Amino acid sequence: MDSETIGTTSVNGGSLSGTQPVLNHDVLIAIMSVSCRDTVAKLMRTCWTLYRAGAKFILANNVIHIADGSKPDNGLPVSKFCRFLSAQGGRRLPYLHYLHIGHQQPLDFVFIALLADASQLRALSLQDTEDLLASYPPLIRVISQELPSLRYLCFREAGEQASEVLRQMHTPLETLDVDFDRDEVPAGPWGPVGYYWHPTVLCANFADSLQSLNFTNLAQNEPAGTDTVYPKVHTLLLEDDTPLARPYIRSFPNVKTLHVYSTREEWHSSLHNADMAFLSAHRQRNIDNQLSRGTWPTLEVFTGNVIGLFMLGLACHVRRLVFKPVEPWTLQLLRPAMDSVRPEYLELWFRLEDLVEQLAREDAGENTGPPRVLSFLGAASLKQLELRISVWKADFDEDVSHPMATIRNALHSVSQLTSLRIGLYPSPTLGPRDLPNTDLDGDDEDSEESGRSTPSAHDGTPPLPARAESSLMAFDPESYARDIAAEVPSLQSVQIAVEGPCHGYVWIACLDRFARSEANVRCQKRTYAHYTNGIFQWL
């Protein structure tokens, strides 16, 4: 038997190492079916029965990541993976279901031959797509013609070679995710991305099966004469500088979830007259096309960024709008977009510093009315609002009380909301800032001159909390919820949440109003032990 190694499994010369199992094989196989890859690999070393059964669980239950193996958990080198896959006379190949080929990974033709025989491969992801396909041309044929079970395909850093795969492919894909590398896209008569690069053209061979489509790094013009319709596509995600709605409405008429991100948001920090003129003209072009040729009849959710929604000029009802994160300076474009799509639910995620900066700009401009950045609150259709404000470590000097008071004051003139959720979510790294410079002896010249005593790193005095942390500690969600409830009679439910990672608590104030009864506010303080890997561990 050939020597093979994957994870911690080792079989050499037909002998197995490890302690023989004492449990029934059926029990051990059941355990293997729900175990991690390393545990399965260790069990495979114990006896031939588990050795033969274990490969199925390693391959079928995991995304196999092919990489150079230079770092722990970085993936498997190609040579090791090929030895494992070709063992047992190739009987392991049907168990390979999910495969990712990592960054700058050199392949070999043995691997490509094995891939061609992976008859049950359902998901394939390539990182350096263009380089891989250019270096190993047989991959184009294998991916496009010899993987009939493939349902999910992801290309990163794609270009002409990846587009050729899609043009040749007849596999009934269900999900396609393509991230183009702009440097790989040739110029043509249709601009930087030509007719043959448009999603409505590239995916025509599997139009009947496709359900979800994600294309990023586009700069599209409208492809003429494209009549292909994708009847099952319900989710469409696009990153496009200047999105044109008409080609997508025509080809994807049954979309329910639409994500459009315009990279123009990254080019500016505010709106100028020239920018606004261009954005408005493009928006009007999209609106005119929809009014004359029709729009989406089934659209339910829009995500992405505000400029993408504004430029798209949707002329249909969209029940839910979600923007995370959002640049506050773009929110002045949100109200006209909302008046067109008439959403009932709006969710916004933004960073405290960005919101404070935008409000300061408006204050400097002597704006005496409600902040333009919050003008979306007056949309007549809006019933449910969720605001998530993140407080990062870089926001040490910001005070949460000012933006929260501004939001509260803006809500006073709102009469249509029925549900409101506001959350302040500090980063887990937010905490007391470093003390001012003190010398190693604990003598601070500035402190002595001013007569103040500065805490020393050596005297056991706890460091002073940052301004952001202090204002979070002082914020009272219960009184905030009561104030809003008193001013907005239409509200039936309110939730104000403040998380304080450094002090181990979350304050949640919830308001419920039933019929004509008085508002009932309850406040709950939850304590958690620690924050690990982005997950709060509650006590």
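Residues numbered from 1 in each chain as written. Predicted model: local features only at pLDDT ≥ 70, side-chain atom pairs only at ≥ 80, totals over all residues. Heavy atoms only, no water.

Caption draft 1: View of the packing of helix H4 (residues 78-86) against helix H5 (residues 109-116). At a minimum axis separation of 10 Å, H4 and H5 run at an interaxial angle of 40°. Between H4 and H5, the angle falls in the class oblique. Remark: the crossing between H4 and H5 carries left-handed chirality. Seen from H4, the contacting residues are Val 78, Phe 81, Cys 82, Leu 85 and Ser 86; seen from H5, they are Val 110, Phe 111 and Leu 114. Classifying every residue of the contact of H4 with H5 by side-chain character gives seven nonpolar, one polar and no charged. (Axes fitted to C-alpha atoms, helices over the stretch in contact; angles between N-to-C directions. Helix = DSSP H or I, 4+ residues; strand = E, 2+ residues; numbered from the N terminus. Parallel < 35°, antiparallel > 145°, perpendicular 65-115°, else oblique. Left-handed = near helix turned anticlockwise from the far one by under 90°. Contact = heavy atoms within 4.5 Å. Nonpolar A, V, L, I, M, F, W, Y, C, P; charged D, E, K, R; others polar.)

Caption draft 2: Summary view of helix H13 (residues 334-341). Among all positions of H13, only Leu 334, Ala 337, Met 338 and Val 341 are buried. On an axial view of H13, the arc spanned by its buried residues comes to 100°, and they lie on one face. Phi turns positive, to about 55°, at Arg 342, one or two residues after H13. (Buried < 20%, exposed > 50% of the residue type's maximum accessible area, 1.4 Å probe, protein only. Arc of directions from axis to C-beta.)

Caption draft 3: Focus on the environment of Leu 133. Counting through the fold element by element, Leu 133 comes out in helix H6 (residues 129-135). Distance from Leu 133 to Glu 160, taken between C-alpha atoms, is 9.7 Å for residues 27 residues apart in sequence. Those residues within four positions of Leu 133 in sequence are excluded, and the remaining contacts are Leu 126, Leu 139, Ile 140, Ile 143, Gln 161, Ala 162 and Val 165.

Caption draft 4: Structural context of the nonpolar core. Phe 111, Leu 176, Phe 215, Leu 314 and Phe 376 are the most contacted members of the largest nonpolar core, which has 140 residues in total. Dropping the residues within four chain positions of it, Leu 176 is found in contact with Leu 153, Leu 166, Cys 203, Phe 206, Leu 210, Ser 212, Leu 213, Asn 214 and Phe 215. (Core = buried A, V, L, I, M, F, W, Y, C linked by side-chain atoms within 4.5 Å.)

Caption draft 5: Summary view of the packing of aromatic side chains. Scanning the model with the defined rule gives eight aromatic pairs in all. Between the aromatic rings of Phe 109 and Tyr 136, the centroid separation amounts to 5.8 Å while the plane-to-plane angle is 70°, which identifies the pairing as edge-to-face. Of this pair, Phe 109 sits in helix H5 while Tyr 136 sits in the loop between H6 and helix H7 (138-145), placing them 27 residues apart in sequence. Using a relative accessible area of 52% as the deciding quantity, one classes Phe 109 as exposed. Tyr 136 gets classed as buried once you look at its relative accessible area, which sits at 14%. Relative to Phe 323, the ring of Phe 302 lies with its centre 6.1 Å away and its plane at 55°, an arrangement referred to as tilted. Here Phe 302 is found in strand S12 (residues 301-304), whereas its partner Phe 323 is found in strand S13 (residues 320-323), with 21 residues between them in sequence. (Phe/Tyr/Trp six-rings, centres within 6.5 Å; stacked < 30°, edge-to-face > 60°.)

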